[in-house]
Amino acid sequence: MWTVDSSMSRPEHLFQEFIDALQTARDDREFERLATRSAHGLGFRWFAYLSMTEDAPKLISSYPRSWTDRYFRLNYQRLDPVIHRARHEHSLFGWTTEGSIRPRSSEQRRFFVEATTFGIKSGITMPIRGGFGRTAAFTLATDDPIMQLDRLLASSGDILQLIGLYFHTHVSKPPVATADAGSGEAILSQRERQCLSWAARGKTSAETAVLVGVTPRTIAFHLENARRKVGAVSIAHCVALALRRGLLR
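Our subject in this report is the structure included herewith. (Residues numbered from 1 in each chain as written. Predicted model: local features only at pLDDT ≥ 70, side-chain atom pairs only at ≥ 80, totals over all residues. Heavy atoms only, no water.)

**Structural notes on helix H3 (residues 65-73)**
The line we're drawing: Relative accessibility thresholds used throughout: buried, under 20% of the residue-type maximum; exposed, over 50%; partly exposed, between the two (1.4 Å probe, protein chains only). The numbering of helices and of strands both runs from the N terminus, where a helix is a DSSP run of H or I of at least 4 residues and a strand a run of E of at least 2. Of all possible arcs, the one meant is that of the directions from the helix axis to the C-beta atoms. Here a residue-residue contact requires only that any non-hydrogen atoms of the pair lie within 4.5 Å.
Along H3, the residues that are buried comprise Trp-67, Thr-68 and Tyr-71. Along the long axis of H3, the arc covered by the buried residues comes to 95°, so they all point the same way. Turned more than 90 degrees off the buried face of H3, the exposed positions are Arg-65 and Arg-73. In the core, the buried residues of H3 are packed alongside strand E1 (46-52), strand E2 (58-61), helix H4 (81-88) and helix H5 (106-117).

The structure is reproduced here in structure tokens:
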């Protein structure tokens, strides 16, 4: 039986769920879903991961598509004051479009005005250093211009930094082939197997949430991930397939 450390804070719970799910994410779409969920859990509306390479930059983001399309069409990654700062710093930092990062030119001021029209008003960015001069930035952003970023940095800055680093590490590495696709072995995270085990014992999502120490919505999230991974048509079908394949012990 799994146990939950009741001394863990909410950010610590979110981080543990985040790294559990990262182990089985297989493509950019799944990475986007996981990071979006973590961003929402931490009180942010969006996330954005931008890897700046000599070739084309790589973006995984939950920002409005109309904004990201415009961002790259106009090469805003070369103008963005937040990205400029991330290129030259090592520690995570908070920012707002209303003053914490001073635009250096009229073009940068116009950039911030445009960003606010899409609702992007403040956030926290984690600079990430790669090999051979490569850099990346992981950002959590919100449409709340007065969000208490300093308090969040003081209380959970280390966890935010780790989220960015773990995300970068998993997105950057080549995909790892799973075991026999027919058996489904090694494709379920520990938390997904835990939720399925309780479902196999007849527990509802609400009951499992109490036992595990998370919200029913979190349980539903893991069950749905498990259902999709094993190719089941329902949670009951997923439990049956997992039992047949020996995934629940």
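The structure having been displayed, the exposition proceeds.
**Here we look at the sheet that holds strand E4 (residues 122-129)**
Strand pairs in the sheet, formed through backbone hydrogen bonds, run parallel or antiparallel to each other. To keep things clear, this is the line we draw: A pair of strands is treated as paired once DSSP finds two or more bridges between them. Axis lines are fitted through C-alpha atoms, for helices just across the contact stretch, and the angle between N-to-C directions can take any value from 0 to 180 degrees.
Pairing within the open sheet is antiparallel, and its five strands lie in the order E2-E1-E5-E4-E3. The open sheet is flanked by E2 and strand E3 (93-96), the only strands paired with a single partner. Here the strands of the sheet are splayed against their neighbours by 20° on average, with no regard to which way each runs. Bridge count between E3 and E4: four bridges; the pairing is antiparallel. When the bridges of E4 are listed, Trp-95 appears paired with Gly-123. Relative to the sheet, H4 contacts E1, E3, E4 and strand E5 (135-142), its axis offset from that of E4 by approximately 35°. Sheet strands touched by helix H6 (residues 149-172): E1, E2, E3, E4 and E5. Its angle to E4, the strand with the most contacts, is close to 45°.

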